[in-house]
Every structure is written in structure tokens, then in C-alpha cells.
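Chain and residue survey
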Amino acid sequence: MEFRQLSHFVAVAEDGSFTKAARRLNYVQSALSVSVQALERELSVRLFDRTTHRVTLTGAGESLLPAARRALAAAEEIRDIAAALRGVLRGTLRVGIMQSLAFADVPGLLGTFHRQHPDVEIEVRPAAGGSAALVEELRHGGLDIAFIALHDLPAGLTAIPLGSEELALTTAPETALPGRRPVTLGQLADARFVDFPTGWAVRTTVDRAFAAAGLERNVTIEVADVATCLQLLRAGLGVALLPPSLIPAGDPHLQQRAVAPALTWHVVMARPAGHAANAAATAFAQLVAQDRP
């Protein structure tokens with residue numbers, strides 16, 4: 001068994017596709033498939049169920065994945081320690097990001113980190129499933145750090161708070177409610193909402209607030225993309241409760257209005273707790289902490 005085969009197995013498991021994994025690893029897809037098949041033969045188990053359109057882990061694959069990740073992490077730690085003894089920071093930094101990068105200049109921080117530590121390979125992974133998907137990746141070892149919005153900090157994670165915002169009613173001017181006072185959730189019970197899918201922190205915050213108030217709401221359009229959400233709002237197709245940081249400054253086609261009681265959206269940099277973090281992740285976390293105002 002080779003570490004290369006384990007890394008190929010983990011990559012396919014994380015991406016759910018030989019094509020995507022080969023692209024990420026800069027590897028020939030046919031060679032990647034041969035490598036995984038060789039690992040399956042050596043272990044005498046089938047790791048994936050393969051169909052024309054999907055690749056999913058078998059029960060054996062799900063059982064072996066955590067051990068494969070631990071083995072790769074241990075090998076990476078050995079390399080990191082050897083590099084540190086030479087005065088060099090190396091390894092891989094896997095960072096998950098939301099579509100909104102409020103309260104932290106993540107691209108700028110990654111650029112600074114790259115200049116300081118050019119031997120560290122940086123992988124940036126957005127998550128279509130929102131913050132909930134990034135949390136699961138952190139828990140399962142697929143990410144070292146994630147910039148996420150949270151309602152509550154899940155068990156097993158530690159976080160550096162980056163900032164918070166109060167959500168505001170966001171509409172096109174022609175669909176705005178009359179008046180200027182903060183709008184109540186009761187006033188929005190009959191509104192047509194444009195919102196993000198379940199798992200996005202904004203959606204979770206709003207859903208919980210309506211449930212706590214004993215109210216239902218009508219989500220008529222669901223999109224997993226901030227830019228598309230704003231375009232639909234500009235077209236007058238509904239309302240949304242959004243953080244002000246998502247709205248481009250000076251946008252004449254959208255307006256925001258306060259909500260009472262306030263709904264707060266918290267953004268953090270999260271890491272797994274209780275694990276020996278790799279040196280690259282520790283150094284980047286320190287850089288983010290230093291950048292806080």
C-alpha cells in the first residue's frame with residue numbers, strides 16, 4: 001500500500017467524482033482510476049460504487065476513509081516536522097470559504113501567507129452547501145480551516161470571532177413595505193421570500209427566528225448563489241433577510257430596512273478542536289488573529 005494510493009482514495013471520496021479529483025490532483029483520470037482499483041485489490045474490498053453519473057462510497061469505503069485520512073495526516077506531520085527542523089514551513093493548507101467574505105480579507109490574507117511561506121500548498125474550497133457543509137468538512141478532516149457564519153458553534157470546533165451583522169429586509173424599491181420603522185416578522189408572514197438552501201447560515205438564522213415566533217413563511221425561490229439571489233430581488237420577485245455586507249455599496253436597485261427584533265449573523269474562522277493541527281494551519285490562524293482590529 002502506498003500513501004499515493006491513499007491520497008487518491010481520499011480525493012475521490014471528497015469530490016465524489018474521479019473527474020473532479022483528477023482535475024484537483026492534476027492527475028490523469030485513467031491513472032487515478034487504476035490507482036484506486038489497485039488499492040481495492042490489495043485491501044480485498046470495494047471502496048466505491050461506480051455508475052455512469054455518480055461515484056459513492058461503499059460501506060467499506062466509509063469505514064476506511066477516517067483511517068486513510070489519519071494515515072495521510074501522520075505522514076504530512078512527519079514531513080512538516082522535518083521541514084521545521086530545516087527552518088521551512090511546508091505542507092498543505094485547506095481553507096473553506098463562504099460566498100460572502102465579510103469581516104476578513106481572506107484573499108489578501110492567503111496572499112500574505114503565500115508570500116511568507118511559499119512552500120505551503122494552498123487549497124481553497126467553496127461550498128455550495130453553505131456553512132453547514134463546511135462544518136462537516138472540518139469535522140471529517142477534509143478542511144483545516146473554514147470561514148463560516150454560525151448560529152451556534154458546533155461541538156468539536158473552535159473559532160475566532162470575526163464580526164457580526166444584523167440581517168435587514170432587502171427588497172427592490174417598488175416591492176418595499178410602506179413606512180420606515182423596523183419591520184416585524186409578523187408583517188412578513190405573507191411575503192414571498194427569495195432565500196438560500198437549508199444549510200446556509202442566513203437561512204438557518206431566519207428559519208429559527210420565524211419558528212421561535214410561531215410563524216410560517218413562504219420561500220418561493222431557493223438559490224445557492226449570492227449574485228443570483230440579488231438579481232432576483234432586483235427583479236422584484238420577492239424579499240429576503242440578508243446581511244448588509246452582501247449588498248454592493250450604493251446599489252440603487254436594492255434597499256434595506258431594519259428588522260425587529262434584530263436577527264444577528266455571526267462570522268467566524270473555525271478549526272477542529274482537540275486535534276494536532278498541521279503547522280501551516282496553525283501559522284495561518286495566527287495570521288488571521290493578528291489581522292483582527
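Up top is the structure.
Remember, predicted model here, so these are calculated numbers, not experimental data.

1. Brief notes about the overall build of the protein chain
Per the secondary structure count, the protein chain includes nine helices and 14 strands. In terms of overall dimensions, the protein chain has C-alpha extents of about 70 × 45 × 30 Å along its principal axes. Here the protein chain, with 293 residues, has 44% of them falling under the buried criterion. Here the analysis covers contacts within the protein chain between residues at least 6 apart in sequence; of these, 71% occur between residues at least 24 apart. Accessible surface for the protein chain amounts to roughly 14900 Å². Of this, 54% is attributable to carbon and sulfur atoms. Once the 27 positive and 29 negative side-chain charges of the protein chain are each reduced to a mean point, those two points are 1 Å apart.

2. Topic: the packing of helix H1 (residues 3-15) against helix H3 (residues 29-43)
Relative to each other, H1 and H3 sit at 110°, their axes nearing to 9 Å. Classified by the interaxial angle, the pair formed by H1 and H3 is roughly perpendicular. Between H1 and H3, the residues in contact are Arg4, Gln5, Leu6, His8, Phe9 and Val12 and Leu32, Ser35, Val36, Ala38, Leu39 and Glu42, respectively. Taken together, the residues of the contact of H1 with H3 sort by class into seven nonpolar, three polar and two charged.

3. As for the packing of aromatic side chains
Under the criterion given, the structure shown has six aromatic pairs. Here phenylalanine 113 and phenylalanine 284 contribute two aromatic rings whose centre-to-centre distance is 5.5 Å and whose plane-to-plane angle is 85°, an arrangement assigned as edge-to-face. With phenylalanine 113 in helix H5 (residues 106-116) and phenylalanine 284 in helix H9 (residues 279-291), this pair connects stretches of sequence that are 171 residues apart. Accessibility assignment for this pair places phenylalanine 113 and phenylalanine 284 in one class, buried. Where phenylalanine 196 meets tryptophan 200, the ring centres are 4.5 Å apart and the plane angle is 15°; that geometry is what we call stacked. Here phenylalanine 196 falls in the buried class, since its relative accessible area comes to 1%.

4. Observations concerning the nonpolar core
Grouped together as the largest cluster of nonpolar side chains are 68 residues, with contacts concentrated most on Leu93, Phe113, Phe147, Leu241, Leu242, Trp265 and Phe284. Considering every element that reaches this core, the biggest residue donor is H9, with seven residues.

5. Quick notes on the sheet that holds strand E4 (residues 120-126)
Each strand in a sheet pairs with its neighbour through backbone hydrogen bonds, running either in the same direction (parallel) or in the opposite one (antiparallel). Spatial strand order, E4-E3-E5-E14-E6: five strands in an open sheet with mixed pairing. Edge positions in the sheet fall to E4 and strand E6 (157-166), since each of these pairs with one other strand and no more. The average undirected angle you get between the axes of adjacent strands in this sheet is 20°. Note: strand E3 (residues 91-97) against strand E5 (residues 145-150), three bridges, orientation parallel. When the bridges of E5 are listed, valine 95 appears paired with isoleucine 145. Most of the contacts of H5 go to E4, to which it runs at about 165°, and overall it touches E3, E4 and E5.

Conventions used here
Residues numbered from 1 in each chain as written. Predicted model: local features only at pLDDT ≥ 70, side-chain atom pairs only at ≥ 80, totals over all residues. Heavy atoms only, no water. Helix = DSSP H or I, 4+ residues; strand = E, 2+ residues; numbered from the N terminus. Buried < 20%, exposed > 50% of the residue type's maximum accessible area, 1.4 Å probe, protein only. Contact = heavy atoms within 4.5 Å. Areas by Shrake-Rupley, 256 points an atom, 1.4 Å probe, with all protein chains shown as cover. Lys, Arg positive; Asp, Glu negative; His and termini not counted. Charge placed at Lys NZ, Arg CZ, Asp CG, Glu CD. Axes fitted to C-alpha atoms, helices over the stretch in contact; angles between N-to-C directions. Parallel < 35°, antiparallel > 145°, perpendicular 65-115°, else oblique. Nonpolar A, V, L, I, M, F, W, Y, C, P; charged D, E, K, R; others polar. Phe/Tyr/Trp six-rings, centres within 6.5 Å; stacked < 30°, edge-to-face > 60°. Core = buried A, V, L, I, M, F, W, Y, C linked by side-chain atoms within 4.5 Å. Pairing = 2+ DSSP bridges.

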